[in-house]
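# Tertiary structure, described
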Amino acid sequence: YKAMLFYLEEQPQLINELLKGLTNKIDFSKTVSVMRKTGYLPIITPWLKSVQTQNNASTNEAINQIYLENEDYESLRESVTAYENFDQLALAQQTERHKIVEFRRISAFLYRKHQKYQKSIALSKQDNMFRDAIETAQESQDTEIVEDILRFFVQQKDKEFFTVALYTCYDLIRPDVVLELAWRFGLIDNSIPYFVQVLRDLTHRVETVQKKHEDREKKEEKQAQQQMNQPLDLSLIHI
């Protein structure tokens, strides 16, 4: 670590080469801590990137902080998606009020990963990121959350995303809720594809049940016929 500080003072352009040569001998957390105290943490970004595959919490948090300070949301999104070993909720809180919408999307993404679906959806709705909100609702597998999204789109008079939500979250929505909303707010045309699928599924289920019933009856008839055709065992008759 003394060598690290020496290079930082005398030959800062070579410090990443030094760290790469010492990678197998140094403690990542201590290295990050030392560099953070100097105020020159960003200078070792190349080394941080080179060791991120080891998914160390300290290096992940360091490089994520650098991306955040540089407003590099694309690199931050790639980092938090690929390497999950860091304080995700802390970063979500840091980014949820960021001036750039893409950082707020990262916040919603992190809340979603922690199953804080309501918080994630609220952020997405706030920024009109409705596809993100719908995907989060679908991932929640919660009927109430999904139907709340439907009601939101009804209130916003957004027929397009009402239809998208019906398609994406189809298996989580109750038909009677869709029918009520469609009838009350003039969305019958937008709901027709949903109800066509509901009827198709219902028909398939009825046909499946009917086939199982018919197969069972045939099996029982065959068993009865076989029993009738069996020869009488005379040894069982007592004179």
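Each remark here, short or long, concerns the structure printed above.
Residues numbered from 1 in each chain as written. Predicted model: local features only at pLDDT ≥ 70, side-chain atom pairs only at ≥ 80, totals over all residues. Heavy atoms only, no water.

## A few points about the environment of Leu179
Assignment of secondary structure puts Leu179 in helix α13 (residues 175-184). In this structure, the C-alpha to C-alpha distance between Leu179 and Phe195, residues 16 residues apart in sequence, is 8.7 Å. (Helix = DSSP H or I, 4+ residues; strand = E, 2+ residues; numbered from the N terminus.)

## Comments concerning the packing of helix α6 (residues 73-82) against helix α8 (residues 101-113)
Packing of α6 against α8 leaves a shortest axis separation of 10 Å and a crossing angle of 10°. The angle between the axes of α6 and α8 places the two elements in the roughly parallel class. Contact residues: α6 offers Tyr73, Leu76, Arg77, Val80 and Thr81, while α8 offers Glu102, Phe103, Arg105, Ile106, Phe109, Leu110 and Lys113. Across the contact of α6 with α8, the residue classes break down as seven nonpolar, one polar and four charged. (Axes fitted to C-alpha atoms, helices over the stretch in contact; angles between N-to-C directions. Parallel < 35°, antiparallel > 145°, perpendicular 65-115°, else oblique. Contact = heavy atoms within 4.5 Å. Nonpolar A, V, L, I, M, F, W, Y, C, P; charged D, E, K, R; others polar.)

## Observations regarding the pattern of salt bridges
As enumerated under the stated definition, the model contains 13 salt bridges in all. The partner of Lys119 in a salt bridge is Glu96, with the nearest N and O atoms 3.0 Å apart. Of this pair, Lys119 sits in helix α9 (residues 117-126) while Glu96 sits in the loop between α7 (88-95) and α8, placing them 23 residues apart in sequence. Asp127 is the partner of Arg104 in a salt bridge, and the nearest nitrogen-oxygen pair spans 2.8 Å. Residue Arg104 is found in helix α8, and its partner Asp127 is found in the loop between α9 and α10 (130-140); the two are separated by 23 residues along the sequence. Taking relative accessible area as the criterion, Asp127 reaches 15% and is therefore assigned buried. Three or more residues are tied together by salt bridges with common partners; here these are Glu96, Arg97 and Lys119. (Salt bridge = Lys/Arg side-chain N within 4 Å of Asp/Glu carboxyl O. Buried < 20%, exposed > 50% of the residue type's maximum accessible area, 1.4 Å probe, protein only.)

## Describing a nonpolar patch on the surface
A cluster of nonpolar residues, Leu179, Trp183, Ile188, Ile192 and Val196, forms a patch on the protein surface that exposes about 510 Å² of accessible area. Put simply, the parts of the chain that give the nonpolar patch at least two residues each are α13 and α14 (188-229). If one sorts the elements of the nonpolar patch by residue count, α14 sits on top with three residues. Structurally, the position occupied by Trp183 is in helix α13. Judged by its relative accessible area of 68%, Trp183 falls in the exposed class. (Patch = residues over 30% accessible without salt bridge, like charges linked within 9 Å, V, L, I, M, F, W, Y side chains within 5 Å. Areas by Shrake-Rupley, 256 points an atom, 1.4 Å probe, with all protein chains shown as cover.)

## Things to note about helix α3 (residues 28-38)
An α-helix turns once every 3.6 residues. As a result, residues three or four positions apart point the same way. Among all positions of α3, only Phe28, Thr31, Val32, Val34 and Met35 are buried. The arc that holds every buried residue of α3, seen down its axis, measures 160°, which confines them to one face. You can read the cap of α3 off the contacts: a side-chain oxygen lies 3.1 Å from the backbone nitrogen of Ser29, and it is on Asp27. Directly beyond the C-terminal end of α3, a positive phi value near 85° is found at Gly39. (Arc of directions from axis to C-beta. Polar contact = N/O pair within 3.5 Å; in protein donor to acceptor, adjacent residues only side chain to side chain.)

## Brief notes about the packing of aromatic side chains
Counted according to the given criterion, the structure contains nine aromatic pairs. Ring geometry for Phe130 and Phe152: centres 5.6 Å apart, planes at 65°, overall edge-to-face. One end of the pair, Phe130, is in helix α10; the other, Phe152, is in helix α11 (residues 143-155), with 22 residues separating them in the sequence. Neither residue differs from the other here; Phe130 and Phe152 are each classed as buried. Ring centres of Phe130 and Phe161 lie 5.4 Å apart, and the angle between their planes is 75°; this geometry places the pair in the edge-to-face category. You can see Phe130 sitting in helix α10 and its partner Phe161 sitting in helix α12 (residues 159-168), a full 31 residues away along the chain. Across the pair, exposure class does not vary: Phe130 and Phe161 are buried alike. Three or more aromatic residues joined by ring pairs form one cluster here, namely Phe130, Phe152, Phe153 and Phe161. In this arrangement the basic side chain of Arg77 is found over the ring face of Phe109, its NZ or CZ atom lying 4.3 Å from the centre. Above the plane of the ring of Phe152 lies Lys125, whose end atom (NZ or CZ) is 4.5 Å from the centre. (Phe/Tyr/Trp six-rings, centres within 6.5 Å; stacked < 30°, edge-to-face > 60°. Lys NZ or Arg CZ within 6 Å of the ring centre and 35° of its normal.)

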